[in-house]
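Below are the chains, spelled out letter by letter.
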Amino acid sequence: MTTSEIRALFAVASRPEVVSLAGGMPNLTALPIDEISKVFADVILHDGQVALQYGSGQGHPILREQITEIMALEGISAHPDDVIVTTGSQQALDLISRIFIDPGDVVLAEAPSYVGALGTFRQYQAKIVHIAMDDDGLIPESLREAISSVRASGRRIKFLYTIPNFHNPAGVTLSLARRREIIEIARQNEILIIEDNPYGLLGFNEEPYRAMRGDDQENVIYLGSFSKTFAPGLRVGWAVAPHAVREKMVMASESTILCPSNFAQMAISRYFATQPWLDQIKNFRELYRERRDAMLEALDQHFPVSATWTKPRGGFYVWATLPEGIDTKAMLPRAITARVAYVPGTAFYADGFGTWSMRLSYCYPTPERIQEGVRRLATVIDEELDLRETFGPINRGINNV
Ligand code: PMP
């Protein structure tokens, strides 16, 4: 195990004078705290003996039913028995890794990919092979090529891990045509798909995208979470998996945590049963859209023309790539001195790539702070570019793509 680059950053980035574009913390200012406190108090008053007791290893039956209703918004039809409630979707990633990965197995993941998932796969000694993305998400042809070359090297592929909607960290969304193509490639090659979808209901413009699980119930394990649509502090997520896998996941979960928190599940369940949760998600979407707009506007205004960045249609993140030769990890201390933080691109690769890229989160600060943060960051980048002009590019080994 190693500490993630993000964790090491949190201490400095959370100083009040620093504009943090680093963390991916949901913005809870939009939550109706008074209403929530009444809902939670009700759970204790009316069902306290159950809520404070151990519960089912698979998760609370009523919440599992509500989860199937939420997933229906993305075209998934599931039975509550297909659902296992986990302690955040992070635990589901751990359970899946524990069940499937033998040391040396290959896990396919987008380039870049979610740092928390990469850390888990690595802990189980998987070899991570990254697959290229563009503005429409994972590129099917690159997936085919990766499968052939891994197989030619004699290694075994356990699964493809993908974040189709409002990608963390890339900020892109997998097109519907590609979803179908990728499902087909995975089927032909007998590779399981792990569809990680914590941001799916946080799109800014359109209806939610159809989940891959909606088109393939045999070969797709779907992961969901209440962390971004409600509150991460409750630590409740879920997985929907083919029957045999789900049984194993329940056993693996019981051996680590016995059962997910009954109180947290019942609190969420009552919130979803009694409150206008879809309106609340709409409030979240508006809050994040305003921040996304502020960040894109500031990037247009301040970043050098030689930089590029993605334009997210939902979620929390912009992925920016600077002119070649600017090492974002080496630049970070200077950025912190200039009172702005981001996550260097290398954190999201298992193979040392990402040197000139960075993840910029717009979820947490106010729009004004976001704009100020981007302005500060652009000044630091300009200084780097000046240095390069004076001293020439610094050879730092592996290049980005
Ligand atoms: N998957 C992705 C892509 C994420 O961004 C996160 C949280 N940042 C998680 C999984 C884990 O979320 P949680 O455990 O809070 O459900």
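Preceding this section is the structure that the text describes.
Residues numbered from 1 in each chain as written. Predicted model: local features only at pLDDT ≥ 70, side-chain atom pairs only at ≥ 80, totals over all residues. Heavy atoms only, no water.

**Comments concerning the pattern of salt bridges**
Under the counting rule described, the total for this entry stands at 19 salt bridges. Between Asp215 and Arg210 there is a salt bridge, and its shortest N-O distance comes to 3.0 Å. Residue classification places Arg210 among the partly exposed residues on the basis of a relative accessible area of 38%. As a salt-bridge pair, Arg376 and Glu372 come within 2.9 Å of each other at their nearest N and O atoms. Linking Arg376 with Glu372, this pair stays in helix H12 (residues 367-391), spanning 4 residues, or about one helical turn. A relative accessible area of 9% means that Arg376 is categorised as buried. (Salt bridge = Lys/Arg side-chain N within 4 Å of Asp/Glu carboxyl O. Buried < 20%, exposed > 50% of the residue type's maximum accessible area, 1.4 Å probe, protein only. Helix = DSSP H or I, 4+ residues; strand = E, 2+ residues; numbered from the N terminus.)

**A look at the sheet that holds strand S2 (residues 83-86)**
Taken in spatial order, the 8 strands of this open sheet run S2-S9-S8-S7-S6-S3-S4-S5, and their pairing is mixed. Either end of the sheet is taken by a strand with one partner, and the two such strands are S2 and strand S5 (137-138). Relative to strand S7 (residues 192-196), strand S6 (residues 157-162) runs parallel, the two being bridged by 4 bridges. Opposite Tyr161, over in S7, you have Ile194 as the bridge partner. The strands touched by helix H4 (residues 88-100) are S2, S6, S7, strand S8 (220-225) and strand S9 (237-240); relative to S8, the strand with the most contacts, the crossing angle is about 155 degrees. (Pairing = 2+ DSSP bridges. Contact = heavy atoms within 4.5 Å. Axes fitted to C-alpha atoms, helices over the stretch in contact; angles between N-to-C directions.)

**Side note on the side chain of Gln66**
Inspection of the secondary structure assignment puts Gln66 in helix H3 (residues 61-72). Gln66 gets classed as buried once you look at its relative accessible area, which sits at 11%. At 2.6 Å, the side chain of Gln66 and the side chain of Ser269 are in polar contact. Not counting residues within four places of it along the chain, the set of residues in contact with Gln66 comprises Ser269, Phe272 and Ala273. (Polar contact = N/O pair within 3.5 Å; in protein donor to acceptor, adjacent residues only side chain to side chain.)

**A few points about the nonpolar core**
Residues Phe226, Phe230, Phe303, Leu360 and Leu377 are the most contacted members of the largest nonpolar core, which totals 80 residues. By residue number, the principal contributor to this core is helix H10 (residues 277-302), which donates 9 residues. If near-sequence neighbours (up to four positions away) are discounted, Phe226 is found in contact with Leu63, Ile67, Ile70, Ala231, Val236, Gly237, Trp238, Ile268 and Phe272. Formed by 27 residues, the second largest nonpolar core is a distinct cluster that contains Ile96, Val107, Ala117 and Phe121. (Core = buried A, V, L, I, M, F, W, Y, C linked by side-chain atoms within 4.5 Å.)

**Concerning the packing of helix H2 (residues 33-51) against helix H9 (residues 262-274)**
Running from N to C, H2 and H9 point in directions that differ by 130 degrees, and their axes come no closer than 9 Å. Judged on the interaxial angle alone, H9 and H2 are oblique. As H2 packs across H9, the resulting crossing turns out to be right-handed. Within the contact between the two elements, H2 uses Ile36, Val39, Phe40, Asp42, Val43, Ile44, His46, Asp47, Val50 and Ala51 and H9 uses Asn262, Phe263, Met266, Ala267, Arg270, Tyr271 and Thr274. Split by residue class, the contact of H2 with H9 holds 11 nonpolar, 3 polar and 3 charged. (Parallel < 35°, antiparallel > 145°, perpendicular 65-115°, else oblique. Left-handed = near helix turned anticlockwise from the far one by under 90°. Nonpolar A, V, L, I, M, F, W, Y, C, P; charged D, E, K, R; others polar.)

**Describing empty space enclosed by the protein**
Tallying each qualifying case throughout the model produces 1 cavity of 30 Å³ or more. The calculated volume of the largest cavity comes to roughly 110 Å³. Along the wall of the largest cavity there are 15 residues; nearest its centre are Ile70, Leu201, Ser225, Thr229 and Trp238. Those elements that provide at least two residues to the lining of the largest cavity are H3 and S8. Of all the elements, S8 adds the most residues to the lining of the largest cavity, at 3 residues. In the lining of the largest cavity, the residues fall into 9 nonpolar, 5 polar and 1 charged. (1 Å grid on protein atoms, 1.4 Å probe; cavity = no way out; pocket = protein on both sides within 12 Å on 5 of 7 lines; lining within 4 Å. Points joined across faces, edges and corners; volume = space filled by probe spheres on them.)

**Things to note about the pairing of S2**
The alternating pattern of S2 places Val83 and Val85 on one face and Ile84 and Thr86 on the opposite face, and all of these are buried. Of the strand pairs in this sheet, S2 and S9 are connected by 4 bridges, and their pairing is antiparallel. Note on S9: the bridge partner recorded for Ile84 is Ala239.

**Details of the sheet that holds strand S13 (residues 343-344)**
A sheet is described by the order of its strands in space; here 4 strands give the open sequence S10-S11-S14-S13, paired in antiparallel fashion. Each of the sheet's edge strands pairs with one partner strand only, and the pair in question is strand S10 (308-309) and S13. In the sheet, S13 pairs with strand S14 (residues 357-361) via 2 bridges, with the strands oriented antiparallel. If you follow Pro344 over to S14, its bridge partner there is Met358.

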